[in-house]
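Structural overview for review
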Amino acid sequence: MASPTSSPFATTSSIGISRLSSISRSSVWRSNCFPSSSHHLLFTKIRTSRRAPGLLPVTRVASDRDLKETVSDNGVSNLPSVHEPSSIASSIKFHAEFTPSFSPEHFSLPKAYRATAESVRDALIINWNATYDHYDKENMKQAYYLSMEFLQGRALLNAIGNLELTGKYAEALKQLGYTLESVATQEPDAALGNGGLGRLASCFLDSLATLNYPAWGYGLRYQYGLFKQNITKDGQEEVAENWLEMGNPWEIARNDVSYQVKFYGKVVDGSDDKKHWIGGENIKAIAYDVPIPGYKTKTTINLRLWSTTVPSQDFDLASFNAGEHSKANEAHQNAEKICYILYPGDESLEGKILRLKQQYTLCSASLQDIVARFERRSGNSVNWEDFPAKVAVQMNDTHPTLCIPELMRILIDIKGLSWDDSWKITQRTVAYTNHTVLPEALEKWSLDIMQKLLPRHVEIIEMIDEQLINTIIAQYGTVDLVILEKKLREMRILDNVDLPPSIAQQFIKPKEQKSTIKSKGKSLTEIEEPSSQPPKEEPKSSTVTLTEVKTKKDALVEEIEEEKVEEEEEEVEEEDEVFLKSNPEKPKLVRMANLCVVGGHAVNGVAAIHSEIVKDEVFNSFYQMWPQKFQNKTNGVTPRRWIKFCNPGLSDIITKWIGTDDWVLNTEKLSQLKQFAENEELHEEWREAKRTNKIRVASMIRERTGYIVSPDAMFDIQVKRIHEYKRQLLNIMGIVYRYKKMKEMTEAERIKSFVPRVCIFGGKAFATYIQAKRIVKFITDVASTINHDPEIGDLLKVVFVPDYNVSVAELLIPASELSQHISTAGMEASGTSNMKFAMNGCVLIGTLDGANVEIREEVGEENFFLFGARAEEIAGLRKERAEGKFVPDPRFEEVKKFVRSGVFGIHNYNELMGSLEGNEGYGRADYFLVGKDFPSYIECQVEVDEAYRDQKKWTKMSILNAANSAKFSSDRTIHEYARDIWDIKPVILP
């Protein structure tokens, strides 16, 4: 476990960049291993007998006062190596020799990248440690953002951009015979995420640092990422990512910062009246830190990633020597595979266990680290009531839900707090961001699996659930059991689990206690045998013999026994109807989203329409009980990476016409562009910048796919995770319709009816999502047919860009002219790519879903192409379909028939087309309403063509999209989180 007194930023990085120019020239040697013969570069050799004058070895940076003195008030180092390209070049050369990851023979591009990154990291470390020395000293409240994904993209250009050193590094590399662009392309994308969830988290870190908010990110260090996507004749092929094979110069391994994480075992009551979780499997989570620099600020925050292993002593040497090699290494393999890939397949039991292990590892290691930091900063006066005043934990979706029982476990079992105090602290500390309304994405874990893997946490969850049940009963009472049952079924954390005995007995009516068993008004005790006394005189008609009495009694006993059996059967039936009885045929589940809502103090959606759906549908019962918990925080994206750095040509134009680059920090100033929206000079510059970006994309497409596309065509782009609700299928069906219509026309008619388009797709389908993979295959087959059709030529091209990631997005988005955000209304929480496209002057076509609603409001209805059903109509439309009342548009039927004709190859698309047909059944009935929205969609595309023909109108629409995108900066979003949820303030470093 990490020592509470050790600096979290201790590093063994060899030598700072501080005084490279002062190294003794007597030890300089001339190298000929660089690419340009005109640049005989100087390398510095350090004497081993003594430290070279002026060198500052960075051994414990957080407390190295000498390094602090090198930082000026504005957050930039005073050292000449930061300011002068020649000194930067010396720093790069130094790292190429003295922190080598490659052989010394040649200064190749990969080696140039690595040395350049390490020279930048040196500059970051200074500000990084100054930031956290100051935070430790001030002991202010800090936010911690826990996410299973951080889709960072490449770090080099972003880091030097935020340090305002892009030009200096470009010149330094030019001196070394390389261009900055060629060096930057050597960096692989960090494979730590997949889609919008991870990209949002990374944008948030950038904004947190830029706005000087005290915060950390916590995630997992995936060795192989999600997967690298190859496109073959069979569609998508998944192979492991290789992003760590050449090392990662941006991370620092903190081998002294590690925590034990436990699985399995059992819980016992100790003699100290505490619960003890003993036995089981223990692993070690080791910290890897990545600096996150802010823009134009000294503040550099931290992304801490956990990697998993076990101590060396867990290697079974005896088994290895006995030839049982797999057994010997079993403990290491079980630990290390936790961080192998993002979202391992969970169809199997082993896959489910591995995913749950991932989530618990993130939560346990992070919370242990947070608690250790709180204690260290508190010194000798730890007051646990202050914990929520110093710590804010944000759970990005339901993956980090186990933070709630884990924090409870730490506070109760380890720190000795009471249940009530621990619960108050936990609720005040934790908050939850919901990212989905899809039922399958609201995680539900098997109670049996969790019970085996995390027995103590299940005990805690059961107690939270019982507490919640009592709260619900207190709120709704027991008079109307129908309403109470409805609320309990919706709101309980444990699904299909019997009520706790202490609560269940409130709903069991006590049976009437009978001293005798009645039958026809008499009891057995009333039928007596004749006594030895003479009987009273009776009328003859009622005189009976002893035999007759016994016969009657036997008959009556038999009848009573039959009635008794019937009563017992009735009682069994009554027991089957016990209030909220679990169904043994269904699994017992832990509903993680419900636990998030109950255990946190805030729940937020990520777009206005999404937050309303969260309140009205997803968590309506919780909203009725705790309306104060629910908020909206519309997503945003960082304008640094997504305009300034990825689109420098457009950025320069914006700065020129606004008269300042302040818009990079204050996006509200983008609105000043509106006054020039019809200026012809601006139009000309705007279109030229767009065309330059399109040429770059055309080059990339040719390199990756072999297809040749014209930069003079409209670039129509849909890039996002492949999913049925995102409706890439609607897009490609529209393209098929377009293609079919073209084939029915003469060349002159085609040119008159359609503007040239390059339709670009990108995104990954999860390896086990068969329907999504069918869609990828369909798109690539359509592309192959259309792109090789000589009649069509440049009038229509279709491209699927393989292995879509942040770096590809940084090329595609600046080149985009039309972008498709066409999900089924009410199903997309927000989306963030729509914001990036709008910021870069791209016009959107889309439904009223997610952030589209707010984008359309901001940019103007006339600058957004709208189609499709509204969210409030969806339920009715599905009902109409189920009742067999839906009548498909003839054009839609025409497209399906065309696809089935075999025009796109021999692959059988009956399963894919069949999903759009029928009125009911799994994988049928067009659940995502492709057929319903198809007519509206293709008619809207006609409007797009008409608008694009008028380039003056289109350019004005493009300018107004960018000018009105200020709201969608992640800076605005982070200010709202900081104010409304985390209660943290900016901290300016001295």
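Residues numbered from 1 in each chain as written. Predicted model: local features only at pLDDT ≥ 70, side-chain atom pairs only at ≥ 80, totals over all residues. Heavy atoms only, no water.

1. Examining the confidence of the model for the protein chain
The cut-off we apply is this: The quantity known as pLDDT measures the predictor's confidence residue by residue, on a range of 0 to 100. Only heavy atoms matter for contacts: two residues are in contact if any of them lie within 4.5 Å across the pair.
Here the protein chain shows a mean pLDDT of 88. Residues at 70 or above account for 85%. Below pLDDT 50 for its whole length, residues 1–81 participates in 164 contacts with residues either more than four positions away or in separate chains. A low-confidence stretch, residues 569–576 stays under pLDDT 50, and its non-local contacts, those more than four residues away or across chains, total two contacts.

2. Here's the deal with the environment of phenylalanine 715
Put simply, the rule is: Runs of H or I in DSSP of at least four residues are treated as helices and runs of E of at least two as strands, each being numbered from the N terminus.
Structurally, the position occupied by phenylalanine 715 is in strand S21 (residues 714–719). Spatially, the C-alpha atom of phenylalanine 715 lies 8.9 Å from that of proline 756, the residues being 41 residues apart in sequence. Excluding residues that lie within four positions of it along the chain, phenylalanine 715 makes contacts with Lys694, Val697, Val709, Ser710, Val758, Ile760, Ala815, Ser816, Glu817 and Leu818.

3. A word on the environment of alanine 829
With respect to the helices, strands and loops of the structure, alanine 829 is situated in the loop between strand S24 (818–821) and helix H31 (833–839). Taking the C-alpha atoms as reference, alanine 829 lies 5.0 Å from glycine 850; in sequence the two are 21 residues apart. Excluding residues that lie within four positions of it along the chain, alanine 829 makes contacts with His435, Thr436, Val606, Ala607, His610 and Gly850.

4. Thoughts on a negative patch on the surface
Selection rule: Patch building starts from residues that exceed 30% relative accessible area and form no salt bridge, then joins like charges within 9 Å and nonpolar side chains (Val, Leu, Ile, Met, Phe, Trp, Tyr) within 5 Å. Where accessible areas are quoted, they stem from the Shrake-Rupley method and a 1.4 Å probe; at the residue level, only the protein chains shown are allowed to cover. A pair is scored as a salt bridge if a Lys or Arg side-chain nitrogen falls within 4 Å of a carboxyl oxygen belonging to Asp or Glu. Under this rule, positive means Lys or Arg and negative means Asp or Glu; His and the chain ends count for nothing. Charged groups are reduced to one reference atom each: NZ for lysine, CZ for arginine, CG for aspartic acid, CD for glutamic acid. Classification of residues uses two cut-offs on accessible area relative to the type maximum, computed with a 1.4 Å probe and protein chains only: under 20% is buried, over 50% is exposed, and between them is partly exposed.
A contiguous patch of negative charge, built from Glu385, Asp386, Asp420 and Asp421, is present on the exposed surface. Within the fold, glutamate 385 resides in the loop between helix H12 (349–378) and helix H13 (387–390). Of the residues examined, glutamate 385 reaches a relative accessible area of 59% and is grouped as exposed.

5. Quick look at the side chain of serine 307
Among the structural elements, serine 307 can be located in strand S11 (residues 300–309). Every residue in contact with serine 307, bar those within four places of it in the chain, is listed here: Arg221, Lys284, Ala285, Ile286, Tyr288 and Cys339.

6. Focus on the sheet that holds S21
Here is the rule: Should DSSP find at least two bridges between two strands, the strands are taken to pair. All axes here are fitted lines through C-alpha atoms, helices being fitted over the stretch that makes contact, and every angle between N-to-C directions spans 0 to 180 degrees.
Read across the open sheet, the six strands follow the order S23-S22-S21-S24-S25-S26; overall the sheet is parallel. Looking at the sheet topology across the chains shown, the edges are occupied by strand S23 (796–801) and strand S26 (864–866). Averaged over all neighbouring strand pairs, the angle between strand axes comes to 20 degrees, with direction disregarded. For strand S22 (residues 757–762) and S23, the ladder comprises six bridges, and the chain directions are parallel. Within S23, the residue paired with isoleucine 760 across the bridge is valine 799. With respect to the sheet, helix H37 (residues 951–963) is in contact with S24, strand S25 (843–846) and S26, its orientation differing from that of S25 by roughly 85 degrees.

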